[in-house]
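Chain residues, written in single-letter form:
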Amino acid sequence: MYPVERSNQRLALRELALEDVDAVLAIYGSAEATEHLSFEPRTREQVAQIVARSIASATATPRTEYALAVIERDMNELIGFGRLATDPHQQRGATLGFALRPDAWGVGYGVETVRLLLSVGFDDLGLHRIWGARSPLNDASAKTMAVAGMVEEGVIREHVLKAGQWRDSVVHAILDREWQFATRYKTPSEPDH
């Protein structure tokens with residue numbers, strides 16, 4: 001599926017472009033934004049390679065990675081990065097990841113980003129299960145995934161090596177039937193998918 005375009009009232013997901021390098025660097029190059037991610041802050045060169053690889057993988061057949069820009073619609077500005085990657089070890093499964101610029105935290109964009117990614121996975125790709133992992137210390141991510149309908153499943157012990165230390169990851173997941181139930185019975189104040 002190319003190109004991916006998905007939006008709600010405040011946000012849109014779109015394919016990455018070469019012009020996005022500096023905007024992605026504001027996330028992946030930030031010590032604050034990457035504190036709970038699985039890697040240290042990236043350099044501009046590393047981010048340029050990530051963006052270029054993501055652009056190339058977008059037109060691969062079959063497509064296994066959906067690395068997408070999260071756009072704040074009113075300002076038409078990239079504020080985040082979202083990713084779905086099909087899981088070769090799981091039938092109709094994928095992993096999910098997301099990161100937002102720190103100045104975009106605390107206003108519900110995380111939940112909206114996760115819901116938009118889940119919509120791509122379930123509604124467009126017909127997946128059965130989508131899962132994501134977070135740092136045990138990332139309470140904001142735990143709340144975000146729970147509000148989006150993802151269930152905490154357990155801990156992967158010493159899953160990530162960061163700054164010379166092993167760190168556990170907490171797994172959250174959602175199944176297609178749970179997604180269908182959640183979207184059928186969402187409250188009127190919730191954003192559309």
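Right above here is the structure, for reference.
The structure presented is a predicted model; accordingly, all values stated were derived computationally and were not measured.

Peer 1: Mind laying out the pairing of strand E3 (residues 65–72), listing which residues take part and the relevant values?
Peer 2: Burial runs high along E3: 8 of the 8 residues are buried. Alternating positions in E3 separate into two faces, Glu65, Ala67, Ala69 and Ile71 on one and Tyr66, Leu68, Val70 and Glu72 on the other, with burial throughout. The sheet contact formed by strand E2 (residues 11–15) and E3 spans 5 bridges and is antiparallel. By the bridge assignment, leucine 13 is partnered in E3 with valine 70. Linking two consecutive strands that pair antiparallel, namely E3 and strand E4 (residues 77–86), is a turn of 4 residues; a positive phi of about 50° is found at asparagine 76 within it.

Peer 1: Any details on the pairing of E4? Residues and values, ideally.
Peer 2: Burial analysis of E4 places 7 of its 10 residues in the buried class, the great majority of the element. Relative to E4, E3 is paired through 8 bridges, and the arrangement is antiparallel. If you follow alanine 67 over to E4, its bridge partner there is arginine 83. Inspection of the sheet shows E4 paired to strand E5 (residues 93–100) by 7 bridges, in the antiparallel sense. Following the sheet pairing, glycine 82 is matched in E5 by phenylalanine 98.

Peer 1: So what's going on with the packing of aromatic side chains? Residues and values would help.
Peer 2: Throughout the structure, instances matching the rule amount to 3 aromatic pairs. Between the aromatic rings of tyrosine 28 and phenylalanine 39, the centroid separation amounts to 5.0 Å while the plane-to-plane angle is 70°, which identifies the pairing as edge-to-face. Remark: phenylalanine 39 occurs in the loop between helix H1 (21–28) and helix H2 (44–58) and tyrosine 28 occurs in helix H1; sequence separation between them is 11 residues. On the basis of relative accessibility, which here comes to 10%, the residue tyrosine 28 falls in the buried class. For phenylalanine 39, a relative accessible area of 14% puts it in the buried group. Where tyrosine 28 meets phenylalanine 81, the ring centres are 5.1 Å apart and the plane angle is 55°; that geometry is what we call tilted. Residue tyrosine 28 is located in helix H1, and its partner phenylalanine 81 is located in strand E4; the two are separated by 53 residues in the primary sequence. Here the aromatic cluster, defined as three or more aromatic residues joined through ring pairs, consists of Tyr28, Phe39 and Phe81.

Peer 1: Could you give me a rundown of the nonpolar core, with the residues and numbers involved?
Peer 2: Side chains of nonpolar character tend, in soluble globular proteins, to be buried together. Grouped together as the largest cluster of nonpolar side chains are 27 residues, with contacts concentrated most on Leu84, Leu96, Leu118 and Ile130. At the level of elements, E2, E3, E4, E5 and helix H3 (109–124) are the ones that each hand at least two residues to this core. Sorting elements by how many residues they give to this core places H3 first, with 7 residues. With sequence-adjacent residues up to four places away left out, leucine 84 is seen in contact with Thr64, Glu65, Tyr66, Ala94, Thr95, Leu96, Leu117, Val120, Gly121 and Ile130.

Peer 1: With reference to specific residues and values, describe the pattern of salt bridges.
Peer 2: Scanning the entire structure with this criterion turns up 11 salt bridges. As a salt-bridge pair, glutamate 77 and arginine 101 come within 2.9 Å of each other at their nearest N and O atoms. Here arginine 101 lies in the loop between E5 and H3 and glutamate 77 lies in strand E4, a separation of 24 residues in the sequence. Judged by relative accessible area, arginine 101 falls into the buried class, the value being 13%. Of the charged contacts in the structure, one is a salt bridge between aspartate 176 and arginine 92, with a shortest N-O distance of 3.6 Å. Here aspartate 176, found in helix H5 (residues 176–184), pairs with arginine 92, found in the loop between E4 and E5; they are 84 residues apart in sequence, far enough to count as distant.

Cut-offs used in this document
Numbers given for residues are sequential positions, taken from 1 along each chain in its written order. Only residues with pLDDT of at least 70 get local features here, since the model is predicted, and only at 80 or more are side-chain atom pairs given and counted; chain-wide, interface and lining totals rely on the full set of residues. Only hydrogens and water are set aside when side-chain values are computed; all heavy atoms of the structure are taken into account. The rule is simple: take the accessible area with a 1.4 Å probe, protein chains only, and divide by the maximum for that residue type; under 20% is buried, over 50% is exposed, in between is partly exposed. Helical segments are the DSSP runs of H or I of at least four residues, strand segments are the runs of E of at least two, and each set is numbered from the N terminus. Strand pairing is assigned whenever DSSP identifies at least 2 bridges connecting the two strands. For Phe, Tyr and Trp, rings pair up if their centres lie within 6.5 Å, where Trp contributes its six-membered ring, and each pair is then called stacked (planes under 30 degrees apart), edge-to-face (over 60) or tilted (otherwise). As used in this record, nonpolar core signifies buried Ala, Val, Leu, Ile, Met, Phe, Trp, Tyr and Cys residues forming a set joined through side-chain atoms within 4.5 Å. We call two residues in contact whenever any of their non-hydrogen atoms come within 4.5 Å of each other. What counts as a salt bridge is simple: a side-chain nitrogen of Lys or Arg found within 4 Å of a carboxyl oxygen of Asp or Glu.

So, to be careful, I would describe these as geometric facts and stop short of saying anything about function.
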